[in-house]
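The chain contents come next:
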Amino acid sequence: VITVPAYFDDAQRQATKDAARAAGLNVLRLLNEPTAAAVAYGLDTANEGVYVVYDLGGGTFDVSILRLTRGVFEVLATNGDAQLGGDDVDQALVDWFCALDTNFTWAPADAGALRAAARAAKEALSDVELTTLRCVRSADGASQSAQLGRDEFDRLVQPLVDRSLGPVKRALRDAGLKAAEVDGVVLVGGSTRLLQVRRAVAQLF
């Protein structure tokens with residue numbers, strides 16, 4: 001059983017099957033990713049109703065609205081942003097960090113280390129109120145560090161979190177539903193561990 005994005009058309013689904021068979025796999029069926037997420041969270045044994053799968057990964061964002069009836073999922077609407085994910089949060093932190101001291105210049109070779117430092121700070125702020133973002137310059141071993149608090153982090157990533165809510169609202173509109181008519185929300189993807197994301201989704205629903 002292979003999962004595919006819900007927005008895949010027939011040609012993309014067929015290409016996936018062909019690739020799997022070429023690799024020697026016996027394809028039983030293709031399953032939409034939001035449906036697979038819902039099954040993984042046990043929703044197929046839950047009460048019947050309407051569920052939203054909010055999937056924010058490293059590089060893409062997808063939202064799907066599913067109706068569960070007698071153990072069968074029907075996809076009512078999908079939407080998303082193929083250019084939105086945790087990588088954008090990391091980049092926002094890198095941009096902030098590099099702008100703190102314009103006399104301290106970073107080279108393209110430092111990009112990976114900067115992103116790794118930003119990611120570590122982002123993850124730390126899920127557990128603590130204040131953390132230190134520190135990175136070493138590859139050319140000469142000089143380092144720069146800065147304190148980052150949860151409030152400043154919230155300010156930096158809020159535009160990205162708000163951007164994710166647009167596709168959610170469009171999917172609701174396409175499904176002809178109001179937020180109050182949704183019975184549950186499943187958060188999928190590492191970036192949904194961000195407290196701001198959880199707070200924004202909770203407020204919307």
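In this text the structure is predicted, and so the values were computed from the model without any measurement.

Rules behind the numbers
Residues numbered from 1 in each chain as written. Predicted model: local features only at pLDDT ≥ 70, side-chain atom pairs only at ≥ 80, totals over all residues. Heavy atoms only, no water. Buried < 20%, exposed > 50% of the residue type's maximum accessible area, 1.4 Å probe, protein only. Helix = DSSP H or I, 4+ residues; strand = E, 2+ residues; numbered from the N terminus. Pairing = 2+ DSSP bridges. Contact = heavy atoms within 4.5 Å. Expected span 1.5 Å × (residues − 1). Axes fitted to C-alpha atoms, helices over the stretch in contact; angles between N-to-C directions. Parallel < 35°, antiparallel > 145°, perpendicular 65-115°, else oblique. Left-handed = near helix turned anticlockwise from the far one by under 90°. Nonpolar A, V, L, I, M, F, W, Y, C, P; charged D, E, K, R; others polar. Arc of directions from axis to C-beta. Polar contact = N/O pair within 3.5 Å; in protein donor to acceptor, adjacent residues only side chain to side chain.

## Topic: the pairing of strand β8 (residues 184–188)
On β8, burial follows the alternation: Gly184, Val186 and Val188 on one face are buried, whereas Val185 and Leu187 on the facing-out side are not. Judged from the five bridges that link them, strand β3 (residues 49–56) and β8 form a sheet pairing that is parallel. When the sheet's bridge partners are listed, Val53 is paired in β8 with Val186.

## Considerations on the side chain of Asn32
Within the element layout of this structure, Asn32 appears in strand β2 (residues 30–32). A residue is classified by how much of its surface remains accessible, and Asn32, at 16% relative accessible area, is buried. Here Asn32 is in contact with Val4, Pro5, Ala6, Arg13 and Val75, once residues within four sequence places are set aside.

## Re helix α3 (residues 86–99)
In this model α3 runs 20 Å from its N-terminal to its C-terminal C-alpha over 14 residues, within 8% of the 20 Å that 1.5 Å per residue would give. Along α3, the residues classified as buried are Gly86, Val89, Asp90, Ala92, Leu93, Val94, Trp96 and Phe97. The secondary structure elements touched by the buried residues of α3 are α4 (111–124), β6 (130–136), β7 (143–149) and α5 (150–175).

## Let's talk about the sheet that holds strand β5 (residues 72–81)
Read from one edge of the open sheet, four strands run β5-β4-β3-β8, paired in mixed fashion. The sheet terminates laterally at β5 and β8, the two strands that pair on one side only. Mean inter-strand twist for the sheet, computed between neighbouring axes without regard to direction, equals 20°. Where strand β4 (residues 61–69) meets β5, nine bridges bridge the pair, whose relative direction is antiparallel. Within the sheet, the bridge partner assigned to Thr69 lies in β5 and is Val72.

## Describing the packing of α3 against α5
At a minimum axis distance of 10 Å, the contact between α3 and α5 shows a crossing angle of 130°. In terms of orientation, α3 lies oblique with respect to α5. The crossing of α3 and α5 is right-handed. For the pair α3 and α5, contact is made by Asp88, Val89, Ala92, Leu93 and Trp96 and by Glu152, Phe153, Arg155, Leu156, Val157 and Leu160, respectively. Its residues assigned to classes, the contact of α3 with α5 shows eight nonpolar, no polar and three charged.

## Side note on helix α1 (residues 10–22)
Compared with an ideal rise of 1.5 Å per residue, which puts 13 residues at 18 Å, α1 spans 18 Å between its outermost C-alpha atoms and is within 8% of the ideal. By the burial criterion, the buried members of α1 are Arg13, Thr16 and Ala20. Angular distribution of buried residues about the axis of α1 spans 60°; they occupy a single face of the element. Opposite the buried face of α1, by more than 90 degrees, sit the exposed residues Asp10, Ala11 and Ala22. The elements touched by buried residues of α1 are β1 (2–4) and β2. With a side-chain oxygen positioned 3.2 Å from the backbone nitrogen of Ala11, the residue opening α1 is Asp9. Among the residues trailing α1, Gly24 stands out with phi positive, at a value near 90°.

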